[in-house]
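Spelled out, the chains give:
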Amino acid sequence: MNMPAISLAAVRGRRERTLEIAAEIEQRGFSGIFCPSMGDPVALCQSIAHVTNEIVFGTSVQPIYFRNPVDIASTAAFIHEISGGRFRLGIGVTHGPVHDRLGLTPGKPLADTRDYIAAMEAASQQHGELPPIVLATLRQRMAELSAEISSGAVWANASCNDFANSVAHLGDAGERDDFFVGNMIPTVIDDDRAAGAARNRKTLAGYVALPNYRNYWKQAGWVDEMEAVEAATAAGDTEALHRAMTDDWLSNATLYGSASEVRDGVEAWFDAGCKTPILVPSSTSGGQLKALEEMFDAFA
């Protein structure tokens with residue numbers, strides 16, 4: 001069985017337990033641990049380096065506007081060295097609502113990302129070798145940039161039916177063994193498939209509100225669904241919004257159902273060209289800890 005990676009976040013009051021879980025993820029044979037932007041993913045990765053021995057780990061996305069590139073280069077070089085090269089630094093521009101909440105004024109994503117990496121590379125002359133850098137991407141131009149200036153690309157909530165086309169934007173880089181190709185996939189394990197779908201719809205409700213994601217999904221073939229989302233949003237009709245997030249669309253952007261259905265879904269992602277499916281666990285009956293227990297049982 002091909003093993004996926006796991007998305008892991010640390011929240012207040014459960015940070016020590018999160019590190020215990022990181023060690024267990026390694027012991028259970030998962031292929032990686034990747035930390036989303038919730039909290040401080042770089043700090044979590046620094047601790048993961050000390051509680052694991054062999055597993056690859058990294059940030060799925062550290063927003064570039066949150067930290068100075070010289071500062072992040074120093075920390076990233078440190079983690080790269082102490083982990084024996086197991087760390088991957090995923091960076092990205094994150095989303096408009098996050099910028100608004102924090103009072104940030106982003107520039108042009110492609111140019112800013114290019115400049116950020118150049119500044120990190122310059123800083124590495126003082127701080128030491130950088131880890132492989134992975135760009136958070138969604139559409140063609142950022143995927144192409146990742147192939148040009150980084151060591152990998154990571155999507156979030158990509159659509160399985162169109163993922164081969166996304167990977168094609170990477171060109172020859174995507175074929176290299178050392179080039180990271182990942183996707184963060186909201187995942188719920190529950191024999192009640194409808195309950196799992198409902199949980200994933202809640203997860204993706206915030207994403208369908210973002211124009212860049214809707215444009216991506218339209219490009220992936222879900223035009224009717226996204227236009228229905230736009231109409232429901234304009235009307236303030238929550239029920240219509242959920243209906244617009246059809247089962248067909250949802251089953252391509254997320255995984256849900258019984259353990260065997262989720263395992264089969266992971267294999268479909270491997271077949272679509274995703275070298276590292278990153279399962280983002282949710283549960284219909286609890287929080288992250290419950291969801292991780294269900295995931296451990298499914299891949300035992």
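Cut-offs applied
- Residues numbered from 1 in each chain as written.
- Predicted model: local features only at pLDDT ≥ 70, side-chain atom pairs only at ≥ 80, totals over all residues.
- Heavy atoms only, no water.
- Helix = DSSP H or I, 4+ residues; strand = E, 2+ residues; numbered from the N terminus.
- Rg over C-alpha atoms; globule rule 2.2 N^0.38 Å.
- Areas by Shrake-Rupley, 256 points an atom, 1.4 Å probe, with all protein chains shown as cover.
- Lys, Arg positive; Asp, Glu negative; His and termini not counted.
- Charge placed at Lys NZ, Arg CZ, Asp CG, Glu CD.
- Buried < 20%, exposed > 50% of the residue type's maximum accessible area, 1.4 Å probe, protein only.
- Contact = heavy atoms within 4.5 Å.
- Phe/Tyr/Trp six-rings, centres within 6.5 Å; stacked < 30°, edge-to-face > 60°.
- Core = buried A, V, L, I, M, F, W, Y, C linked by side-chain atoms within 4.5 Å.
- Expected span 1.5 Å × (residues − 1).
- Polar contact = N/O pair within 3.5 Å; in protein donor to acceptor, adjacent residues only side chain to side chain.
- Disulfide = S-S within 2.5 Å.
- 1 Å grid on protein atoms, 1.4 Å probe; cavity = no way out; pocket = protein on both sides within 12 Å on 5 of 7 lines; lining within 4 Å.
- Points joined across faces, edges and corners; volume = space filled by probe spheres on them.
- Nonpolar A, V, L, I, M, F, W, Y, C, P; charged D, E, K, R; others polar.

Trainee: Describe the overall build of the chain, naming the residues involved and giving the relevant values.
Mentor: The helix and strand inventory of the chain stands at 14 helices and nine strands. Taken over the C-alpha trace, the chain has a radius of gyration of 19 Å; the compact-globule value for 300 residues is 19 Å, and the two agree within 12%. The C-alpha extent of the chain, read off along each of the three principal axes, is 55 × 40 × 40 Å. Total accessible area on the chain is roughly 13,300 Å²; 47% of this is exposed by carbon and sulfur atoms. A gap of 5 Å separates the mean positions of the 24 positive and 38 negative side-chain charges of the chain.

Trainee: I'd love a proper account of helix α14 (residues 288-298), names of residues and values included.
Mentor: Here α14 has its buried residues at Gln288, Ala291, Leu292, Glu294, Met295, Phe296 and Ala298. Buried residues along α14 sit against β1 (5-7), α1 (15-27), β7 (180-189), α13 (259-271) and β9 (276-282).

Trainee: Which residues make up the packing of aromatic side chains, and what values do they have?
Mentor: This structure, assessed with the given rule, holds 10 aromatic pairs. Here Phe34 and Phe180 contribute two aromatic rings whose centre-to-centre distance is 5.2 Å and whose plane-to-plane angle is 55°, an arrangement assigned as tilted. In this pair, Phe34 is assigned in strand β2 (residues 32-35) and Phe180 in strand β7, connecting sequence segments 146 residues apart. Judged by relative accessible area, Phe34 falls into the buried class, the value being 3%. Accessibility expressed as a relative area gives 13% for Phe180, which makes it buried.

Trainee: Please give an account of the nonpolar core that cites residues and values.
Mentor: Counting residues in hydrophobic clusters, the biggest one holds 92 residues, and the most contacted among them are Ile25, Trp155, Phe163, Trp217, Trp249 and Phe299. Among the elements that take part in this core, β7 stands out by supplying six residues, more than any other. Those residues in contact with Trp249 that sit more than four places away from it in its chain are Leu204, Val208, Trp217, Trp222, Glu225 and Met226.

Trainee: Can you break down helix α3 (residues 69-82) residue by residue, with the values?
Mentor: Given 3.6 residues to a turn, an α-helix orients residues that are three or four positions apart in the same direction. Taking 1.5 Å per residue, 14 residues should reach 20 Å; α3 reaches 20 Å between its end C-alpha atoms and fits that length. Taken residue by residue, α3 has Pro69, Ile72, Ala73, Thr75, Ala76, Ala77, Ile79 and His80 as its buried positions. Against α2 (41-51), β3 (56-63), β4 (87-92) and α5 (109-127) lie the buried residues of α3. The opening residue of α3 is Asn68, an N-cap whose side-chain oxygen sits 2.8 Å from the backbone nitrogen of Val70. Following α3 by one or two positions, Gly84 has its phi on the positive side, about 70°.

Trainee: How would you explain the state of the cysteines if you had to name every residue and give the values?
Mentor: Counted by the stated rule, this structure contains zero disulfides. In this structure Cys45 is a free cysteine whose sulfur lies 3.8 Å from that of Cys35, the closest cysteine sulfur available. Cys274 forms no disulfide, and the closest cysteine sulfur to it belongs to Cys160, at a distance of 8.6 Å.

Trainee: Break down the environment of Glu54 for me, citing the residues and quoting the values.
Mentor: One can find Glu54 in the loop between α2 and β3. What makes Glu54 exposed here is its relative accessible area of 69%. Counting along the chain gives 30 residues from Glu54 to Gly84, while the straight-line C-alpha distance between them is 8.9 Å. Apart from residues no more than four positions distant in its own chain, Glu54 is found in contact with Glu26 and Arg86.

Trainee: Just give me the short version of empty space enclosed by the protein, but keep the residues and values in it.
Mentor: Sizing a probe to match a water molecule and rolling it over the atoms shows the empty space that remains. Under the definition given, this model contains one cavity of 30 Å³ or more. Estimated volume of the largest cavity: approximately 40 Å³. In terms of lining residues, the largest cavity is bounded by Phe34, Thr59, Ser60, Arg88, Gly90, Val134, Val154, Phe180 and Ile278. Looking at the lining of the largest cavity, the elements with two or more residues in it are β3 and β4. Taken together, the residues of the lining of the largest cavity sort by class into five nonpolar, three polar and one charged.

Trainee: Which residues make up the environment of Glu24, and what values go with them?
Mentor: Here Glu24 shows up in helix α1. For Glu24, a relative accessible area of 21% corresponds to the partly exposed category. C-alpha separation for the pair Glu24 and Asp40, spaced 16 residues apart in sequence, amounts to 21 Å.

Trainee: Tell me what's going on with the environment of Phe66, and back it up with residues and numbers.
Mentor: Within the secondary structure, Phe66 sits in the loop between β3 and α3. The class for Phe66 is partly exposed, based on a relative accessible area of 35%. Considering only alpha carbons, one finds Phe66 and Thr94, 28 residues apart in sequence, at a separation of 9.8 Å.

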